Structure formats: C-alpha cells, structure tokens
4 protein chains.
Amino acid sequence: MTQQIRVGLFGTGRIGQVHAMSLATLEEATLAWVCDPFIEGAKRTAAEFGGRVSDDPEEVFASGEVDAVIVASPTATHVDLIEQSIDAGIPVLCEKPIDLEIGRVDALRAKAAATDVPIALGFNKRFDRHFVELRRRVGAGEIGALEQLIVTSRDPGEPPAAYLPQSGGIFRDMTIHDLDMARYFIPDIVEVSARGANVFSEGIRQAGDFDSTVVTLRGSKDELVTIFNSRHSAYGYDQRIEAFGSTGLLQVTNKNDSLVRHWGARSVEGAGPYQNFFLERYAEAYRLEVAEFLRAVRGLPSRSPGFEDGRAALILADAAEKSARTGAAIAVELSA
Amino acid sequence: MTQQIRVGLFGTGRIGQVHAMSLATLEEATLAWVCDPFIEGAKRTAAEFGGRVSDDPEEVFASGEVDAVIVASPTATHVDLIEQSIDAGIPVLCEKPIDLEIGRVDALRAKAAATDVPIALGFNKRFDRHFVELRRRVGAGEIGALEQLIVTSRDPGEPPAAYLPQSGGIFRDMTIHDLDMARYFIPDIVEVSARGANVFSEGIRQAGDFDSTVVTLRGSKDELVTIFNSRHSAYGYDQRIEAFGSTGLLQVTNKNDSLVRHWGARSVEGAGPYQNFFLERYAEAYRLEVAEFLRAVRGLPSRSPGFEDGRAALILADAAEKSARTGAAIAVELSA
Amino acid sequence: MTQQIRVGLFGTGRIGQVHAMSLATLEEATLAWVCDPFIEGAKRTAAEFGGRVSDDPEEVFASGEVDAVIVASPTATHVDLIEQSIDAGIPVLCEKPIDLEIGRVDALRAKAAATDVPIALGFNKRFDRHFVELRRRVGAGEIGALEQLIVTSRDPGEPPAAYLPQSGGIFRDMTIHDLDMARYFIPDIVEVSARGANVFSEGIRQAGDFDSTVVTLRGSKDELVTIFNSRHSAYGYDQRIEAFGSTGLLQVTNKNDSLVRHWGARSVEGAGPYQNFFLERYAEAYRLEVAEFLRAVRGLPSRSPGFEDGRAALILADAAEKSARTGAAIAVELSA
Amino acid sequence: MTQQIRVGLFGTGRIGQVHAMSLATLEEATLAWVCDPFIEGAKRTAAEFGGRVSDDPEEVFASGEVDAVIVASPTATHVDLIEQSIDAGIPVLCEKPIDLEIGRVDALRAKAAATDVPIALGFNKRFDRHFVELRRRVGAGEIGALEQLIVTSRDPGEPPAAYLPQSGGIFRDMTIHDLDMARYFIPDIVEVSARGANVFSEGIRQAGDFDSTVVTLRGSKDELVTIFNSRHSAYGYDQRIEAFGSTGLLQVTNKNDSLVRHWGARSVEGAGPYQNFFLERYAEAYRLEVAEFLRAVRGLPSRSPGFEDGRAALILADAAEKSARTGAAIAVELSA
C-alpha cells in the first residue's frame, strides 16, 4: 500500500483506547488526530499511539488531515459527529448506539441513506470469528432451516453506578449488541417481547432499570430468537449462541484461554475460569472491525454493519423496553 | 413387607405399559386389575404383567381387590376416575393433565383438598435423578440465589396427526411437563409470557397449533424462567436445564448412553446420538414415580406432586396459550 | 424357557455376592447351591438369594442338582474346581486368574482343550457395553487399522495389606484384566515390556510388589498396546481406553453417573466425582458375563472368554513381571 | 529500551522463517544478518524481514553487527556454529538437536560449561503457555506428588522421504521434543525403555526407522513417564499431556481454534478439526522462545533450556533408540 489511511479518533475512554490499539496493529492506517474535550485523555492517548490532539471536532474535520474517523465519544455526540462526517465526505465508524432517541436517528436517516460516505456501526460481535463461522455454517445449510436462536450474554459485573443514568437502560446499552447479533442471523425481525427483572442489584433497581432480562424476537419466517442477559455472572463473561435448525444444532461455547483441566476428589474435568470481559474475549474482533471499516474507506467491498443496522438495533431495543414495561408483544417494521 | 399393594391400572396405551412394567419391578406392589374399554389391550397387558381384566372402571372399584389405582387412560376420563378414587377411598396416581378444561379441574378442587386419599400427578421429570440432584444443589445454595432457569425440551419427532386434535395443544400437552419443572424449582409463578411459531409442520399448523414455542415465567421473587419447546429435534430427545444463580451456574446436560467418542479428519470429540425418547430417557424416573406413590399408599411421607401441582401446571399452560394468542403477558395467582 | 438352570456358587466373598445378585436378576437361572468352607458366609448368601448350603464342593457336584457352577473362591482352588467340573460334565464360569502358577494351568490345559464342557473365564470388562461398542467400531474399520491401544486402569485405593501376599502381585492381580482387554482387541500378542515403580505405598513396597506400572505389548501386526496401572486414584476409579488407528481415534471415557455440571468463580464445567469402584462401574457387565455363560450352558453360541484366554492373560502377566524385574522385553508365544 | 538487539539468523528453511517472523514482532530485536549457503533463501528472507545476506557464517560473526545469533541451519552445522558463537562471545539460540552424535556434543560440553555466553536450545514446547501452566500447577502441589506423566505427540503426516535419512531417526528427530518435555517436569531421568513399530509407512520401514513408538522413562523418584509418538494422525496434530499425581490429575487437552460444536442425527457435540501442525499450534511458543532468549542476551534472568538440556535430550533419544533395538531398559546418568 502506498499510503496509510489517516484516522481521527473521537473519544479516549475504554473503547477509544481499544480502537487506538487496533490502529497501531494495522499497517494500512495511522492515528492522525485524537480528539476529546477532556484534553488530558487525548494527550495521553496520542502519547502512546501517536497523532495530534484536539478538544474540538471541528478542528479535526477542518484539518484536511483525516481520511476516516472513529467515533468512540459519549452517545449524545454520535449523531452530530456522523452528520459532520457525511458533510465532510469522511468515512465514519461509530460506536453503538447511534443515539438513545430514535427520533434523532430518524432525523439523520435520509441523509445517511443518500450519501456515498461509508458509515459503519461498532457491533464488534459480528467480527468474532466463532460467530462468523456459526453464521457461515448456518447459511450453508448445515442445520437446515434455522428455527430457534438463543443468545446468552452475561457480563461479569454490573457497570459503575454513575454510568447507569446515561446508559439508556439495559436494552439500549447491553442487549443492543445481542439484538444486532439476532439480526446478523435473521435480519428481518417483526416482533419483540421482553421481560425484565430485578433480582440482585439495588442500585440498578433504584436507577429504574432491570438487572436481568429475557427478550424473545420473531423473524419474518416465524423463527424465534431468545436473548438472555444478566448484569452479573459469577463465573465470568458468558457469551454463547445456540442455533437450532430443522436438521441439527450448532453452538458457540464459551472461550477458555487455558487447555488445562483438573480431576480431583470432589470435581472432575473442571476447566479454569473464563476470560474476564469483552476486551479480552473480543480483542481480535475489535481489530477486525476496524480493519473491515478500513476496507470501506479504501473503496473495497466491506461487510461492516451500517446506519440501518444501528437504527434497527435501537428500534428493537426500544420495543424491548416498551414490551418489558407493558407486558405486550410489540410489532416492529424495520425497513419501513 | 407382609402384603403387596394391589394396583388397578386404567388405560393400556404406551404410558400404561410403562407403569405396568414399573409395577413388575417393584416388589411391594402387584398388578391386580387392568381396565381398558378396548378390552384386547387390557387382556394383552394382563397376559404379560398379570391381573384381572375389565372394560369397566366401576367393576374395578367395586371389586374390593385394589389398594391403589393408576390412571393412564385418555385425558377426558381423568377427572371422573380421580373422583371415583376419592369416593372409594383409594389412592390414585393420575397422568397429567388432570383435564384440558380448568373448569372441570376447579370443580373437583374442593373435594380433592378435603380428602385424605393420596392423589399423585404423573410428572415424571420430577423423579429424574439428575433434575433431583440439580434441585438439591440449588436448594443447598451452591449457586446462591436462583435468578434464571432455562428448560430446553425438544421431542425427536412430532406426534401422529390423529393425536393432535385431542392433545389440547402444545402448551397443555408438552410444555405442561416443563411448566411443572419450573414449579419444581420455583413453585410460586406469578406471570406467564409465551410466543408460538409454525416453522416446520404443515400438519400442526392446520391443527391450529404451534410446532415451536418459547415461554417465559416470572417467579414471585422476580426469577425468570424460560422454556424452549420444539416438536422435532434432528439429534434426538433434547432435555436440558440451566440454573443461573448469583454465585454460579449448574446445568443438567443431555444423556448419552455411550461413553465412546470419535476423532476423525472432519470432526473431533463427537459422541454417538442421544437416547431416542422419553421412555428411554426417563425409564428410571417412571419407576421412581410409581415407587414414590406407593409410599403414600403405605402412609409414608411422599414427595409426589399432587392435585394442586396438576392444577397449577394447567393454569400455566392455559396462560401460555392465551399469551401466545394475544401477545400479552398474563398474570396468574396459583394459590387463589 | 421351561426349566431354570440350577447354579452352584463356590465362594461367597465380594465377587461371589456379585454373581449371586446377577443370578437373582436373571430369569433363566436359579441359585441352587452355595458352597464355602466358611459356612456362615454360605448361609448368609443362601438366606438372601436362595439355595442349599455346603462347605464341601464334592457334595455340590454329587448332589445332581447343579447344571452349572460359578467359581468365586480363592485362586488356589480354581484349578481343582475347574477339573472337577470337567469331570462332572458341568459347565463352569471361573474367576480370573486360573491360578498364579502357569505350571498348574498348563497341567490342566490338555484336558480343558479336549472337553466339550463349557469353561468360561471371568473377565468382566469384556462385557462392558462401552468396550464392546469400541471393539465393534474398531472391528468395523471406523478408524482404519488399529495401530496403538492405550488402556488406563487405576483403582481408587490400594487393597488391604493382608490381601497383598496372596494377590500374586499387581500384574497377575490387577493388570491381568487389562492384559485380557488388550487381547480382546489384539488376540495375538508377541512381546511384553513392563516397568514397575513404588511411588506412594510403603506397604506395597514391603510386600515386594509395585504400586504403579506401565506395560507395553506388541501385537503380531506390530500394533503397540500400553497399559497404565496405579493402585490408587484420588478422583475415583479410572477406566479408559484409547484406540488409535490409521484413519482416526476412538476413546471410551470415564463414566459419570450424574449429568450435572458446575460453573463457579474458580472452576467451570466441572462434573461430580466418578463412580467409586468396579462393583458400580461394571455392575451391568457382571450381569452380562453370567448371562453369556448361561447361553453356553444352554448350548447356544457364546462369546465368553475361555480357558485359553485365561491362560494367555496369565502368561502375559508372568512376562510383565519378568520384564519389570529384568528390564528386558519378553517374547511370548500364546498359542504354542 | 534504547537499542535493539541485532540478530544473525543461520538457516532460512521452515523453522528459520518462523524465527524471522518472531523477530519481526519483537520490538527489542532486529534481524541484522541472514545467512544461508543457499543464498537465494537468504535473500528472500532478508527481503521480507530485513537484514544483510551472506552465505558464509564467518562473514556474519566477523561483521561486528550481531549481538546474538539464532541457529536454524541443518543439524550437522550446529556444533560448529555454537562453538563459533562461544568464541565470538555472542549469545546463541540453537535448534534441537545439538548434533546427532553424542560424541560431538560431549566434545563441546566442557567449553559450553565454562563460558558465560548464553547458549539456549530450541525446545519450543517449553514455552507453550498450557504446558507452562501445567508445570506451574504441578509444581504448586495441586495434584500432590507427580507419579505418572503421559505425553502424546502425533504428527499429522510423515516427513518427506528425502528428509528421513538425515533425520537421525524418530527418537532423535521427533521424540526428542517430548523427552525434553519429560525433563521439563522431571529433570532427573535415570532409565529409558522404548519400543518401536512399523505399522503404516513402507518408506519409513525402508529407511530403517520406526513410524510409531512408545517410550517409558523412570525418574529418580521412581516416577514413570510414557511418551506416545506416531508419524501420522488422521485427525490432525495431537499434543496432549496427562499428569497423574497422588491427589489428582491434570491434563492439557488438544487445542481447537473454533468454539463451534455440532449436533446431528449421527453424531453430537462434535468439534471441528484441530490445528494442522506445529507452526500453528506453537506459533506463540516460538515467539516466546525467542523473547526469552533475548532476555538472556540482555543479561536478564532467563528460563531458556540450555546446552545441558540439549545434551540430556540427545542422551535419552540415544538410549531410546538402543532400547528399541535391543529390548533392554537402558540406565542413564544425565549429570555424569
């Protein structure tokens, strides 16, 4: 490659760091600008991974020195930064969700549909090679017609109390990843049912949110998808998918970094604990997510999820919230 | 024991045969009467397992030769036979469901509550020793507080078309076992949500029934229980339970009769197929179910599920049916 | 069947009890005589399982009331009892080993070869249905040509100190079962190498025996068989076989009675402990062993191992002992 | 770090490429010289990974531009290159074996012992983190005293026919890795027994070598170690270790890159095939091996195996060869 893609990064929190690190391992790109209103964060990141620093997105877009941007700033800034990217003709990879308000997303929808500027959404699980393999094998007909899909996703521990109010609630914050996974297998979801519960966290209860949820989706071919979420898991990050089809079953099991198993007087065949959390479990997926986005930047075919995928996941999350609150199944029409 | 319990058996279909066989292996009981309006069936069973034959339940009750009865006849006969048993003062083990109409069950409820005559319901899964072990370990606090329970139950193949109209639908016919299993762990269920789908069987669709369902229950402590059902399973009878608690997870996996595993060029660590169906998977449980009932007959403490358990399972099945039809979560009050 | 086979049982120790229990579950046979010089043992067994009692084998043979005998008495009595059975024309199932002295076995060999009286040897592992399945699948060519066979056999705990001097040593007492298993897959063994060690038991060391051994056999087609033995195992009875072939691998894994698995903070996917010992692990095999012998008694084709198998196992055990003591590989010719 | 370690690489075959790639990922080192009498190979490697090229080791040592060397050239050159490294005072990482002739190794031994120049041997398995974890846990007493160790190592397919004559035979070429693994757990081996077989490869037989072997070692505390080798494996690279101790068992199982498992009508729970061969299975280990060597170059404590480990492995391989040929167990004294 003759020239590296110059990337501007908005946001230097945990996920911003992950993207900066991915860029550092990808030869085809370089971190050109690091932007954060918390300028110390920007400086620290630039010190480690390179790039000029700014606390003002305008400066980055106006610099003429970025070929692509990655948006890892707080959710409330996403819509504006995507719009600015479109206006500047600069490809953008934006973290989920696009926004917590579907109205703001819809307001941008026509513009996003009309532009040629690549817009990618940060659904990292689509890049995990085990889930990719599962989808490929399901798509190849290995289990016949897909009838039931079960996604289990339990976080090791609940998020900091301070984060809860801005999280948008468990469905828009956590389930949204699994809702997108559902659509990775069954894009056309037509109905959402959800139940929420408060079984362990007083803090989450007081924030008006659920700590545990079960969501059931219906696909347009009457497939049923069920998503299990919990904000805690004593045995580590629990990330499984079970695809049940007319001629068989495929599962993605949890990942254990160690091949050592133990036999003792009280328990046999025990494995060591799982990887703790998403930064470990999806380290490779995060890198592939950025790499796939860079393909789009270079004008190559890319399988990155886009604006419509981000919008669909939010619609499903909203419907789940509504269903959990009212007890009614909610019909949705994602392509309307 | 000085004297064997003389048992009268109503119904000589598949499940009637199972009970006759169980009695044959239990020293403390003997098959005294076999009753079926299809008298040839009664004769065949008596020829193999002993007992006098009749096509008339009255004759059996009037004989003075039965100390207990087992009801394995068609569902429509259950209420009457239980009532006759109560009137005759003869302990009864009745197959599920008590009836397809909750009204008929409720009509018998006061009488069932008032009598001292043991009434046991045929929920065989409660006697499977793996589920018993799971419940014991959950009860012992091994995974802290139980937060989510997931019951997977998929039959190898759909029932005969002729059976469907009289089945009462998948919720009352198949899910009812898993609804009782839910109550085995969490007796006090307060809400039922269900979704049904038609993904593979034209016959089931034409019968107005679902071939695949997902039911989510809520316990009074906000526990969430999810039940997966399918009327077919390409890899054999699928019977699993996952209990997720605040400090860990316990699973009952599927049972494989063979300890042999295979490694080849295209697949490694593969096990042979599962046991085909419930008669194999629950053979021991059926026997223990009868043995536990016989304890009650002998006046010993017994953990057999009773009339109220049978009624509760039917109420949950009815609520699941209603929820699946209307899309609304249904509140239930089992002890009302 | 019109008439039950009347069985005489010699020896009422642990293994004698097992056989008595097997007979009790087999309709085609009845326990007719129980013989033990320790007459109290005979009486106790007869009280539980039926039969007349005696302390004198002659009385049993002379009674005219036995159609078959099972020899579960001390090893030193085996040769005489087999010979008496041949002389009396009464089929005999004899526990392994035939004797601890190959000379005494060879002295009986011609007579055993000449008679039509069925002589079966008690190698129970041949009747375990997992090993039977393994052999069937290997025989069917599922892994191509069998190249390496690995038998792991570790007892939960060492035998009583008092038993050691009469045991004949680990090779003749414990390994002999696995040597026969080797021959179940590869009958024609041509060479034996063995190493013994003393790593944990002072008592076994003082008895001049090994507590741990590794034996490697060579088949006539250059297959290599390795047997691992230990007189203790902290995680329970360890009974595995691995068959490595030119096109794949088949394993028989250990058996766990429970389907429950546990996930916790320090260990995941752990199963409960294994069955404790051979009476549990091989309960069904012991029953099938007797059933197969009864087929021979009835003149039906039977796959019970016979006198030559018993002799071959002893020759291999002797060779293993010699190899372990001298360090040299020992050539053997089993059919000479 | 202020300055990169300049590395000279001898040999640009398969394993030389692996080391060049490892160096490319390690910041602390740079490939300074690539040396191969087959100069085209040197040029190709240098073109990809950098460095000057030469076909003459003398030129490399004389250049004054190397701080360390890696020897991946044919076995016959190892002794000379190690000696030149010592003379030049340049740390050396040499592939196993040091030589095929123990006499040539012993001739260098005193010099190797006397020098301060780090000499590391390329036993890559010692750097696999699963084996490292196993050793750590065994060392921590998790299974009590180590009593039996079982190493299974089967290559996917036999080496090219042309390679066989120069391989030194299976024990010096393939088993040597596992012999070193044995010493990784039990350094003081006192006895070697081995059996070799020819079960599938006519080419290997004609080369006078074995295609399948079983080696049993004895440690100075009477531990028994058994190594299984085969030159082919239909299900991929088979790399397992089982450590049996007085209070439990630990296993390192095979590695499967995919978390997907399949359930079908004929087989359940099947995983995809294993990684094909050592370059994949030990990719990380090769990198860690070089990194550990670089620690020694920098004067830091390093756990790289050294000259004496290389010599010990060859002595054990020689003893295995002798034992396999003669049938006798061979006593060895590694520290003599």
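Everything quoted here is computed from the prediction, not taken from an experiment.

Quick notes on the rules
Residues numbered from 1 in each chain as written. Chains lettered and ligands numbered in written order. Predicted model: local features only at pLDDT ≥ 70, side-chain atom pairs only at ≥ 80, totals over all residues. Heavy atoms only, no water. Pairing = 2+ DSSP bridges. Helix = DSSP H or I, 4+ residues; strand = E, 2+ residues; numbered from the N terminus. Axes fitted to C-alpha atoms, helices over the stretch in contact; angles between N-to-C directions. Contact = heavy atoms within 4.5 Å. Buried < 20%, exposed > 50% of the residue type's maximum accessible area, 1.4 Å probe, protein only. Arc of directions from axis to C-beta. Buried area = accessible area lost by both parts, 1.4 Å probe. Salt bridge = Lys/Arg side-chain N within 4 Å of Asp/Glu carboxyl O. Polar contact = N/O pair within 3.5 Å; in protein donor to acceptor, adjacent residues only side chain to side chain. Phe/Tyr/Trp six-rings, centres within 6.5 Å; stacked < 30°, edge-to-face > 60°. Parallel < 35°, antiparallel > 145°, perpendicular 65-115°, else oblique. Left-handed = near helix turned anticlockwise from the far one by under 90°. UniProt positions renumbered as here; feature names shortened; annotations may be inferred. Domains from an automatic or database assignment. Least-squares fit on C-alpha atoms with pLDDT ≥ 70 in both. Expected span 1.5 Å × (residues − 1).

A. The arrangement of the sheet that holds strand 1 (residues 5-10) of chain C in detail. Residues and elements named next belong to chain C. Across the sheet, which stays open at both edges, the 6 strands sit in the order 3-2-1-4-5-6 with parallel pairing between neighbours. Pairing within the sheet leaves two strands with one partner each, and these edge strands are strand 3 (52-54) and strand 6 (119-122). Mean inter-strand twist for the sheet, computed between neighbouring axes without regard to direction, equals 25°. Looking at chain direction, strand 1 and strand 4 (residues 68-71) are connected through 4 bridges and run parallel. Residue pairing in the sheet places G8 in a bridge with V69 of strand 4. Running at roughly 170° to strand 1, helix 1 (residues 14-25) makes contact with strand 1, strand 2 (29-35), strand 4 and strand 5 (92-95) of the sheet. Lying on the sheet, helix 2 (residues 39-49) is in contact with strand 1, strand 2 and strand 3; it crosses strand 3 at an angle near 170°.

B. Region of the structure containing helix 6 (residues 129-139) of chain B. Within helix 6 of chain B the residues assigned to the buried category are B:H130, B:F131, B:E133, B:L134, B:R137 and B:V138. What you see down the axis of helix 6 of chain B is that its buried residues fit within an arc of 160°, all on one side. Projecting away from the buried face of helix 6 of chain B at angles above 90 degrees are the exposed residues B:R136 and B:G139. Summarising the contacts, the buried residues of helix 6 of chain B are in contact with strand 7 (146-154), helix 8 (170-185), strand 11 (238-245), strand 12 (248-252) and helix 10 (278-281) of chain B together with strand 13 (260-263) of chain C. Following helix 6 of chain B by one or two positions, B:G141 adopts a phi angle in the positive range, close to 85°.

C. The interface of chain B and chain A, seen in detail. Opposite the 40 residues of chain B that make contact, chain A presents 40 residues. Approximately 3000 Å² of surface area, both sides summed, lies buried where chain B meets chain A, with 54% of it carried by carbon and sulfur atoms. If you sort the residues of chain B by the area they bury against chain A, B:Q148, B:R195 and B:F244 come out on top, with a joint share of 18%. Linking chain B with chain A are 6 salt bridges, by the criterion used here. Across the salt bridge formed by B:E191 and A:R195, the nearest N and O atoms sit 2.8 Å from each other. There are 19 residue pairs in polar contact (both at pLDDT 80 or more) connecting chain B and chain A.

D. Structural context of the packing of aromatic side chains. Residues and elements named next belong to chain A. Summed over the entire model, instances satisfying the criterion amount to 30 aromatic pairs over all chains. Summarising the aromatic geometry, the rings of F171 and F210 are spaced 6.0 Å apart at their centres and angled 70° between planes, so their arrangement reads as edge-to-face. Of this pair, F171 sits in helix 8 (residues 170-185) while F210 sits in the loop between helix 9 (202-206) and strand 9 (212-219), and the two are 39 residues apart along the sequence. Taking relative accessible area as the criterion, F210 reaches 8% and is therefore assigned buried. Taken together, the aromatic side chains of F131, Y237 and Y282 make up a single cluster linked through ring pairs.

E. Focus on the packing of helix 8 (residues 170-185) of chain C against helix 12 (residues 307-326) of chain C. All names here are of chain C. With their axes 8 Å apart at the nearest point, helix 8 and helix 12 run at an angle of 120° to one another. When the interaxial angle is binned, helix 8 and helix 12 end up oblique. At the point where helix 8 passes helix 12, the crossing takes the right-handed sense. Two secondary-structure elements touch here, helix 8 through F171, R172, I176, L179, D180 and R183 and helix 12 through D309, A312, A313, L314, L316, A317, D318, A320, E321 and A324.

F. Up close: the pairing of strand 9 of chain A. Residue and element names in this part refer to chain A. A large share of strand 9 lies buried, amounting to 8 of its 8 residues. Going residue by residue along strand 9, you find S212, V214, T216 and R218 tucked away on one face and T213, V215, L217 and G219 tucked away on the opposite face as well. Where strand 8 (residues 189-197) and strand 9 come together, 8 bridges link them in antiparallel fashion. The partner of E191 across the bridge, within strand 9, is R218. Pairing between strand 9 and strand 10 (residues 224-230): 7 bridges, direction antiparallel.

G. Structural view of the sheet that holds strand 6 (residues 119-122) of chain A. Residues and elements named next belong to chain A. Taken in spatial order, the 6 strands line up as 3-2-1-4-5-6 in an open sheet, and their pairing is parallel. The sheet is open, and its two borders are formed by strand 3 (52-54) and strand 6, each paired with just one other strand. Along the sheet, successive strands turn relative to each other by an average axial angle of 25°, direction set aside. Strands in contact with helix 1 (residues 14-25) are strand 1 (5-10), strand 2 (29-35), strand 4 (68-71) and strand 5 (92-95); relative to strand 1, the strand with the most contacts, it is inclined by about 170°.

H. Seen up close, the interface of chain D and chain A. Across the boundary between the two partners, chain D contributes 25 residues, which contact 25 residues of chain A. Summed over both partners, the interface of chain D with chain A comes to about 2000 Å²; 57% of that surface belongs to carbon and sulfur atoms. At the boundary of chain D with chain A, the tally comes to 12 residue pairs in polar contact (both at pLDDT 80 or more). Those elements giving two or more residues to the side of chain D that touches chain A turn out to be helix 6 (129-139), strand 12 (248-252) and strand 13 (260-263) of chain D. Judged from the 4 bridges that link them, strand 12 (residues 248-252) of chain A and strand 13 of chain D form a sheet pairing that is antiparallel. The residue bridging A:L250 from the neighbouring strand is D:H262, located in strand 13 of chain D.

I. Highlighting the UniProt feature "domain: Gfo/Idh/MocA-like oxidoreductase N-terminal" (unreviewed entry) in chain A. Within the UniProt annotation, "domain: Gfo/Idh/MocA-like oxidoreductase N-terminal" (unreviewed entry) is assigned to residues 5-122 of chain A. Across residues 5-122 of chain A, helical content stands at 45% and strand content at 24%; the span's end C-alpha atoms are separated by 19 Å.

J. Highlighting the domain arrangement of chain A. Residue and element names in this part refer to chain A. Looking at chain A, the domain boundaries give domain 1 (5-117) and domain 2 (126-285 + 312-331). Contact residues are listed per partner, giving 9 residues for domain 1 and 13 residues for domain 2. Counting across the domain 1 and domain 2 interface gives 1 salt bridge. A salt bridge links K96 to D173; the nearest nitrogen and oxygen atoms lie 4.0 Å apart. Those elements giving two or more residues to the side of domain 1 that touches domain 2 turn out to be helix 1 and helix 5 (102-114).

K. Summary view of the relation of the copies chain D and chain A. Mapping chain D onto chain A leaves a residual RMSD of 0.0 Å; the transformation is a rotation of 180° accompanied by 0.1 Å of translation along its axis. Taken together, the rotation and translation relating the two chain copies correspond to the operation of a two-fold axis. A shared interface surface links the copies, since 100% of the contact residues of chain D are contact residues in chain A too.

L. Inspection of the pairing of strand 13 (residues 260-263) of chain A at higher detail. Bridge count for strand 13 of chain A against strand 14 (residues 270-271) of chain A is 2 bridges, and the pairing is antiparallel. Among the inter-strand pairings, A:R261 is bridged to a residue of strand 14 of chain A, identified as A:A271.

M. Region of interest: helix 1 of chain C. For helix 1 of chain C, which comprises 12 residues, the first-to-last C-alpha distance of 17 Å matches the rise-based estimate of 16 Å (1.5 Å per residue) to within 8%. Among the residues making up helix 1 of chain C, those that are buried are C:I15, C:G16, C:V18, C:H19, C:A20, C:S22 and C:L23.

N. The arrangement of the relation of the copies chain B and chain A in detail. It takes a turn of 180° to lay chain B on chain A, together with a shift of 0.0 Å along the axis; the resulting RMSD is 0.0 Å. A share of 100% of the interface residues of chain B reappears at the interface of chain A, consistent with the copies meeting face to face through the same patch.

O. Structural detail: the environment of D:G64. With respect to the helices and strands, D:G64 occurs in the loop between helix 3 (57-62) and strand 4 (68-71). Put simply, D:G64 and D:A46 are 18 residues apart on the chain and 18 Å apart in space, counted from C-alpha to C-alpha.

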